[in-house]
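Chain residues, written in single-letter form:
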Amino acid sequence: QVQLVESGGGLVQAGGSLRLSCAVSGRTFSTYSMGWFRQAPGKEREFVAAFNWNGGNRYYTDSVKGRFTISRVNAKNTVTLQMNSLKPEDTAVYYCAAAIGGSGLTYKGAYDYWGRGTQVTVSS
């Protein structure tokens, strides 16, 4: 069983930065594709960023390109999401997810495991 635990959320002013981390249990971390999603109140959970298991391809939703960076540290079983130039519309609960496969990573259905989320609030 794989468990994911997010951390690093909080309250930040517009233009500020936050770094989210996702600790992943399990000995096969390097074989999972990883993604970040977010869900604002009253809205569907949406894709933010992902990379496939071999790290060759990274994907970002248009609204965060150039501002967010997804990275992984295999030795620490950790995935991070560096978020810069934050905007009020980035306010949401952010979820880390792991996928056994390497395709369709912009869709929630591609993922097999989910964390419980961490709140990010950006004030104007």
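What you see is a predicted model, and the numbers here were worked out from it, not measured in a lab. (Residues numbered from 1 in each chain as written. Predicted model: local features only at pLDDT ≥ 70, side-chain atom pairs only at ≥ 80, totals over all residues. Heavy atoms only, no water.)

Draft legend 1. Here's a closer look at the environment of Met-83. Here Met-83 lies in strand β8 (residues 78-83). Overall, Met-83 belongs to the buried group, its relative accessible area being 0%. Through-space distance from the C-alpha of Met-83 to that of Gly-16 is 8.4 Å; in sequence the pair is 67 residues apart. (Helix = DSSP H or I, 4+ residues; strand = E, 2+ residues; numbered from the N terminus. Buried < 20%, exposed > 50% of the residue type's maximum accessible area, 1.4 Å probe, protein only.)

Draft legend 2. Inspection of the sheet that holds strand β7 (residues 68-73) at higher detail. Read from one edge of the open sheet, four strands run β1-β3-β8-β7, paired in antiparallel fashion. Taken across any chain shown, the strands that pair with only one partner, and hence form the sheet edges, are β1 (4-7) and β7. Put simply, the sheet's adjacent strands are angled 15° from each other on average, direction ignored. Of the strand pairs in this sheet, strand β3 (residues 18-24) and β8 are connected by six bridges, and their pairing is antiparallel. Note that in β8 the partner of Leu-20 across the bridge is Leu-81. (Pairing = 2+ DSSP bridges. Axes fitted to C-alpha atoms, helices over the stretch in contact; angles between N-to-C directions.)

Draft legend 3. Here's a closer look at the state of the cysteines. Scanning the entire structure with this criterion turns up one disulfide. One disulfide in the model links Cys-22 with Cys-96; its S-S distance is 2.1 Å. One disulfide, between Cys-22 and Cys-96, carries an S-S torsion of -80° and so falls in the left-handed class. Placement of Cys-22 in strand β3 and of Cys-96 in strand β9 (residues 92-99) is noted, with a sequence separation of 74 residues between them. (Disulfide = S-S within 2.5 Å.)

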